Amino acid sequence: QNPKTSATVKQVLTEGNAGDLQKYFGSRMEFGTAGLRAAMGAGISHMNDLTIIQTTQGFCRYLEKNFSDLKKRGVVIGFDARAHFSSGGSSKRFARLAANTFISQGVPVYLFSDITPTPFVPYTVTHLKLCAGIMVTASHNPKQDNGYKVYWENGAQIISPHDKGISQAIEENQEPWPQAWDEERIDSSLLLHDPYTTVNKEYFKDIQKQCFHRNINKETNLKFVHTSVHGVGHKFVQLAFKAFDLSPPFAVPEQKDPDPEFPTVKYPNPEEGKGVLTLSFALAEKDGAKIILANDPDADRLAVAEKQESGEWKVFSGNELGALLGWWIFTCWKNNNRDSCALKDVYMLSSTVSSKILRAIALKEGFHFEETLTGFKWMGNRARQLMDQGKAVLFAFEEAIGYMCCPAVLDKDGVSAAVITAEMASFLATRNLSLSQQLKAVYDEYGFHITKASYFICHDPKVIQQLFDNLRNFEGKNTYPKSCGRFKVSGIRDLTTGYDSSQPDQKAILPTSKSSQMITFTFANGGVATMRTSGTEPKIKYYSELCAPPGNSDVEQLKKELDELVNALEKHFFQPEKNNLQRKTE
């Protein structure tokens, strides 16, 4: 019933354009553990009013089956600022349609009245003890995209088998229910609640438990620049600084207000490097700020840059910031917990493609480290399991600039990560140390961990399948590569098939998934490289790391060795020319 998408379809029918019809109706968006992520537009392959109604009807029926008290507890729904004028779709409209679906079935809905960072949804699920949460966002994807992200009652993103159960329920509930399109009626419903004020108050109260140096924060002369890259983060990072008694960061004026067109950047993704931070560098130079904090548009990720003595800016990789925050959060915990017995209940987590620096810190300091599969859905669910057993999960991170610094949110949170990074930098400044100097100190203490990650773009699933099939049948059927250029392969773990050469029974310990590709190669020189497909983008990603024991300080040699390994990986395993892969560009 949306006049814009309806007109698009009618026009395509009139023109008899079979190609466009195939594009719109050829296949339904697949609901996975990451929920939905697709372009906004007409047809069942896009995010639009109808597909949101169908998805929510399926999700509602699935929740009814799983929770006898759904009508008592209810769900939370948040949204970012995305909008797509040509199809009439927007995150706010989708959120209201989803709310209407639940309310029509007598389910209470806590619908945020305004834009909100993604981490506020999992926070609200656990804080208000709700059955589930939905966040309408496409995070840092291109402007035409939107998404539908789902959280379970434990406050973590869903994992299997919930995705399959919800997917099946969507298939069974495609006909819109009688009042499905009438989203206006939710405004007068007694089942509609607005958690905005309460959650804003409680969240900022909860993150203050991670504030350990209020006096330093009040006095610091360190200046910060913050950019929300046309997303939702501005107001919330300002409030976080206030909660920690830090002077507010300078906001990049051209990027501080939400704008679904993302006019000043090619991609609204701070992970893409310096291109996204151009305006931040200019403002920092003008105002004499040493540190830049950049959130992605839904404020669940954080990038950090620091001005070096040379005048150059260093953008920290996700692994480097993970090392700094891991060191800092453990140091703060240690200073506040003198009882060494408590160490046995302390945990940190990171994903299997992230740097193993936390493992090195844990080994030396005596706490526990665990790795999970890629993505915060795994770390959030594992953190909840450990917390339910009475353990303290201090920190979790992934190299894609995602950090969980505060146990109140079991997902990545760019708001708390930004203010905790600011407090860490302010503390280090009292010791005349920069973040870069402290990073070197961490590596001196626990061993250098040099990492390098990138990706190739490939829009053809057949080519991707062929590339991975080739690696599994490298020198004849069912044989993996024994070397990569001059680098000898000493171990292989394939989490698509479940093979792990390092295990006695050759079976991988981490869960396996046939629906996504992921192979990790260990090399005789101590290097590790993982190749995997992305769940949300047409990319084949790779991650590589070379670790040295403490005391090996020849960093340049390590970097050179890793560069050579990566070049060999690209040449022999990716074969970009043969496979017509497009390289990552700035």
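Residues numbered from 1 in each chain as written. Predicted model: local features only at pLDDT ≥ 70, side-chain atom pairs only at ≥ 80, totals over all residues. Heavy atoms only, no water.

Draft legend 1. Layout of the sheet that holds strand β8 (residues 192–193). Read from one edge of the open sheet, six strands run β1-β7-β6-β2-β5-β8, paired in mixed fashion. Either end of the sheet is taken by a strand with one partner, and the two such strands are β1 (36–39) and β8. Pairing of β1 with strand β7 (residues 145–151), which is carried by four bridges, proceeds in the antiparallel orientation. Across the sheet, A38 pairs through a bridge with N146, a residue of β7. Against the sheet, helix α5 (residues 91–104) engages β2 (75–79), β5 (109–111), β6 (132–136), β7 and β8, with an angle of about 165° to β2. (Pairing = 2+ DSSP bridges. Helix = DSSP H or I, 4+ residues; strand = E, 2+ residues; numbered from the N terminus. Contact = heavy atoms within 4.5 Å. Axes fitted to C-alpha atoms, helices over the stretch in contact; angles between N-to-C directions.)

Draft legend 2. Representation of the nonpolar core. Core analysis: the biggest nonpolar cluster contains 163 residues, and F59, F102, F395, Y403 and M531 have the highest contact counts within it. Counting 10 residues, the second-largest nonpolar core is a separate cluster that includes Y347, L349, F376 and L410. (Core = buried A, V, L, I, M, F, W, Y, C linked by side-chain atoms within 4.5 Å. Buried < 20%, exposed > 50% of the residue type's maximum accessible area, 1.4 Å probe, protein only.)

Draft legend 3. Quick look at the UniProt feature "domain: Alpha-D-phosphohexomutase alpha/beta/alpha" (unreviewed entry) in the protein chain. Within this structure's numbering, the places UniProt gives as "domain: Alpha-D-phosphohexomutase alpha/beta/alpha" (unreviewed entry) are residues 29–175, 201–307 and 339–446. For residues 29–175, the end-to-end C-alpha separation is 16 Å, with 37% helix and 19% strand making up the annotated structure. Helix and strand shares over residues 201–307 are 32% and 16% respectively, and the end C-alpha atoms of the span are 34 Å apart. (UniProt positions renumbered as here; feature names shortened; annotations may be inferred.)

Draft legend 4. Broad picture of the domain arrangement of the protein chain. What the domain assignment reports for the protein chain is domain 1 (3–193), domain 2 (213–311), domain 3 (319–446) and domain 4 (448–583). With 27 residues of domain 2 in contact, the opposing surface of domain 3 contributes 27 residues. Our count for the contact surface shared by domain 2 and domain 3 stands at one salt bridge. When the shortest N-O distance is used, the salt bridge between D300 and K412 registers 3.8 Å. At the boundary of domain 2 with domain 3, the tally comes to 11 residue pairs in polar contact (both at pLDDT 80 or more). Secondary structure elements with two or more residues in the side of domain 2 that touches domain 3: α9 (214–219), α10 (233–243), β11 (291–295) and β12 (302–307). Taken together, the residues that form the side of domain 2 that touches domain 3 break down as 16 nonpolar, five polar and six charged. (Domains from an automatic or database assignment. Salt bridge = Lys/Arg side-chain N within 4 Å of Asp/Glu carboxyl O. Polar contact = N/O pair within 3.5 Å; in protein donor to acceptor, adjacent residues only side chain to side chain. Nonpolar A, V, L, I, M, F, W, Y, C, P; charged D, E, K, R; others polar.)

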